[in-house]
Amino acid sequence: MYFFPSKVAEVSAIETWGAFATTYFVRPIGAVIFGWVGDVSGRRLATISDAALVGLATLAIGLLPTYRTAGVLAPILLYLMRALQGIGLGGEAGGGAAWALELTPKGIKPYINGVMYSGLSWAVFLTSFVTLSMKSAMPQTFSVYGWRILFITGAIPANSLSNQALGGLGIPRVD
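These notes cover the structure that comes with them. (Residues numbered from 1 in each chain as written. Predicted model: local features only at pLDDT ≥ 70, side-chain atom pairs only at ≥ 80, totals over all residues. Heavy atoms only, no water.)

With respect to the overall build of the protein chain
When you go through the protein chain residue by residue, the secondary structure sums to six helices and zero strands. Each helix (α) and strand (β) of the protein chain, taken in turn from the N terminus, gives the series α-α-α-α-α-α. Counting the 175 residues in the protein chain, one finds 32% classified as buried. If you take every contact in the protein chain between residues at least 6 apart in sequence, the share linking residues at least 24 apart comes to 72%. Accessible surface for the protein chain amounts to roughly 10,700 Å². Of this, 73% is attributable to carbon and sulfur atoms. (Helix = DSSP H or I, 4+ residues; strand = E, 2+ residues; numbered from the N terminus. Buried < 20%, exposed > 50% of the residue type's maximum accessible area, 1.4 Å probe, protein only. Contact = heavy atoms within 4.5 Å. Areas by Shrake-Rupley, 256 points an atom, 1.4 Å probe, with all protein chains shown as cover.)

Here's what the structure looks like:
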């Protein structure tokens, strides 16, 4: 509705699902890019960089203009931001797990691995819970601007973590 102006429901659904699917198609690219960064410059830098990329793309989605104000540029920017999120997520999944396991003492590696992967499910659950709660709290305005609040605030943890972990330009290498 805000990015895809088609009056045909099926066309709008395809366009919307295409934006959703974009992140999955580009994840292998992110795995290659951030895998290389992790091998060359350390997994810490790779993990912080891909988290920052996801956070910045998420923030940008929350601030995107609509089709009404930007025309065809709006859906193009949405697809681009979804692609950047996918690239970041592609690097984060494997690289973050590898980094965490490299730093974990041998005896508790299986537990840490389980916690990491169950954390992904918890993230989906909590995101769904917060979204449904906001939709219930603001039923008339959620589709107008409430969804933007979720994207903007959702970017805060990733960018906060990235800025804190980077600590300026002196990024120590963790191999």
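Some details on the side chain of Thr 104
Within the element layout of this structure, Thr 104 appears in the loop between α4 (73-103) and α5 (109-137). Setting aside chain neighbours within four positions, we find Thr 104 in contact with Lys 109 and Ile 112.

Quick look at the packing of aromatic side chains
Applying the stated criterion to the full structure yields seven aromatic pairs. Both rings, one in Trp 17 and one in Phe 20, keep their centres 5.5 Å apart while their planes meet at 85°; by these two values the pair is edge-to-face. Residue Trp 17 and its partner Phe 20 are both found in helix α1 (residues 9-41); the two are separated by three residues, about one turn of the helix. Seen from their ring centres, Trp 122 and Phe 125 are 5.6 Å apart, and the 90° between their planes marks the pair as edge-to-face. Note that Trp 122 and Phe 125 are positioned in helix α5 at a spacing of three residues, about one turn of the helix. Counting every residue linked through ring pairs, the aromatic cluster contains Phe 3, Trp 147 and Phe 151. (Phe/Tyr/Trp six-rings, centres within 6.5 Å; stacked < 30°, edge-to-face > 60°.)

A word on the pattern of salt bridges
Evaluation of the coordinates by the stated rule reveals two salt bridges. Between Arg 43 and Asp 39 there is a salt bridge, and its shortest N-O distance comes to 3.3 Å. Judged by relative accessible area, Asp 39 falls into the exposed class, the value being 54%. Across the pair Arg 43 and Glu 102 runs a salt bridge, and its minimum N-O distance is 2.8 Å. On the criterion of sequence distance, the pair formed by Arg 43 in helix α2 (residues 43-63) and Glu 102 in helix α4 is long-range, its members being 59 residues apart. (Salt bridge = Lys/Arg side-chain N within 4 Å of Asp/Glu carboxyl O.)

Topic: the packing of α1 against α4
Where α1 meets α4, the closest approach of the two axes is 6 Å, and the angle between their N-to-C directions is 40°. Classed by the angle they form, the pair α1 and α4 counts as oblique. Note on packing geometry: the crossing formed by α1 with α4 is right-handed. Class assignment for the residues of the contact of α1 with α4 results in 12 nonpolar, nine polar and three charged. (Axes fitted to C-alpha atoms, helices over the stretch in contact; angles between N-to-C directions. Parallel < 35°, antiparallel > 145°, perpendicular 65-115°, else oblique. Left-handed = near helix turned anticlockwise from the far one by under 90°. Nonpolar A, V, L, I, M, F, W, Y, C, P; charged D, E, K, R; others polar.)

Things to note about the environment of Ala 74
Within the element layout of this structure, Ala 74 appears in helix α4. Residues Ala 74 and Tyr 2 lie 72 residues apart in sequence; the distance between their C-alpha atoms is 8.5 Å. Non-local contacts of Ala 74, meaning those with residues more than four positions away in its chain, are made with Phe 3, Pro 65, Thr 66 and Tyr 67.

A word on the side chain of Thr 47
Within the fold, Thr 47 resides in helix α2. Its relative accessible area of 14% is what places Thr 47 among the buried residues. Those residues in contact with Thr 47, other than ones at most four positions away along the chain, are Gly 95, Gly 96 and Trp 99.

Remarks on the packing of α2 against α4
One can describe the packing of α2 onto α4 by two numbers: an axis separation of 8 Å at closest approach and a directional angle of 150°. Relative to α4, α2 is oriented roughly antiparallel. As for how α2 packs across α4, the hand of that crossing is left-handed. Residue composition of the contact of α2 with α4, grouped by class: 13 nonpolar, seven polar and six charged.

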